[in-house]
Amino acid sequence: MITRRIAALRLDIPIEMAQRHELPSRMSEAELAEIERNPPVWLVQSRANRTGKKPVWVELRCDVCGFSEAARPKKWWPAFTYLTCDYHGSEELPDAAAGLSRTEVDGIGNAFIGIVDEAP
């Protein structure tokens, strides 16, 4: 059995859309495969309306330990140089290149810090 969140991730739709269209809180792999084979009208329309500018889901992966999670990207996220779990220290990452300053962005996904190296 898979959760509604996992189903939304695999269908590449927001969780809110899965709830609105009454996907069950748990479903079998066969039920999800049937939805993918014969998508309902609302899913076909959603995919047709997608502009491709912003992904529905992104995979966040720690550059130190490799831990990953799927998350909905936020408009305010800058382009990250590195992503780390919030318990890793900055000494575990390579130093910023000469001439670049480093800033940390908290609150990325459930447990990540984004590192941005940019010219001052």
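Described in the following lines is the structure provided in the data block. (Residues numbered from 1 in each chain as written. Predicted model: local features only at pLDDT ≥ 70, side-chain atom pairs only at ≥ 80, totals over all residues. Heavy atoms only, no water.)

It is worth spelling out the nonpolar core at this point. Leu11, Ile13, Leu23 and Met27 are the most contacted members of the largest nonpolar core, which totals 16 residues. Listing elements by their share of this core, those giving two or more residues are α1 (4-11), α2 (15-20), α3 (29-37) and α4 (41-49). Residue contributions to this core peak at three residues, all from α1. Apart from residues no more than four positions distant in its own chain, leucine 23 is found in contact with Arg4, Leu11, Ile13, Ala18, Ile35 and Trp42. One finds Ala71, Cys85, Val105 and Phe112 within the second-largest nonpolar core, a separate group that totals 10 residues. (Core = buried A, V, L, I, M, F, W, Y, C linked by side-chain atoms within 4.5 Å. Buried < 20%, exposed > 50% of the residue type's maximum accessible area, 1.4 Å probe, protein only. Helix = DSSP H or I, 4+ residues; strand = E, 2+ residues; numbered from the N terminus. Contact = heavy atoms within 4.5 Å.)

For the structure on display, the rule yields five salt bridges. With a shortest N-O distance of 3.1 Å, arginine 72 and glutamate 16 are connected by a salt bridge. On the criterion of sequence distance, the pair formed by arginine 72 in the loop between β4 (68-71) and β5 (82-85) and glutamate 16 in helix α2 is long-range, its members being 56 residues apart. A residue is classified by how much of its surface remains accessible, and arginine 72, at 28% relative accessible area, is partly exposed. The partner of glutamate 59 in a salt bridge is arginine 61, with the nearest N and O atoms 2.5 Å apart. A residue is classified by how much of its surface remains accessible, and glutamate 59, at 52% relative accessible area, is exposed. (Salt bridge = Lys/Arg side-chain N within 4 Å of Asp/Glu carboxyl O.)

Moving on: the packing of aromatic side chains. Under the defined criterion, the tally for this structure stands at three aromatic pairs. With a centroid separation of 6.2 Å and 55° between ring planes, the pair formed by tryptophan 77 and phenylalanine 80 is classed as tilted. The class of tryptophan 77 is buried, set by a relative accessible area of 15%. The partly exposed category is assigned to phenylalanine 80, whose relative accessible area is 23%. Taken together, the ring pairs in this structure connect Trp76, Trp77 and Phe80 into an aromatic cluster. (Phe/Tyr/Trp six-rings, centres within 6.5 Å; stacked < 30°, edge-to-face > 60°.)

Attention now goes to the pairing of strand β7 (residues 112-118). Within β7, six of the seven residues are buried, which leaves the element mostly enclosed by the surrounding structure. Pairing geometry for β5 and β7, over four bridges, is antiparallel. Each bridged residue has a counterpart across the sheet, and for threonine 84 the counterpart in β7 is isoleucine 113. Across six bridges, the pairing between strand β6 (residues 101-108) and β7 is antiparallel. (Pairing = 2+ DSSP bridges.)

Below, the discussion takes up the environment of isoleucine 2. By the secondary structure assignment, isoleucine 2 is in strand β1 (residues 2-3). Judged by its relative accessible area of 8%, isoleucine 2 is buried. Sequence separation of isoleucine 2 and glutamate 31 is 29 residues, and the distance between their C-alpha atoms is 9.9 Å. Setting aside its immediate chain neighbours within four residues, isoleucine 2 contacts Ala7, Arg10, Ser25, Arg26, Met27, Glu29 and Leu32.

Alignment of strand β3 (residues 58-61) against β4, held across four bridges, turns out to be antiparallel. Following the sheet pairing, arginine 61 is matched in β4 by serine 68. Taking the residues between adjacent antiparallel strands as the criterion, β3 and β4 are bridged by six residues, where glycine 66 takes a positive phi near 90°.

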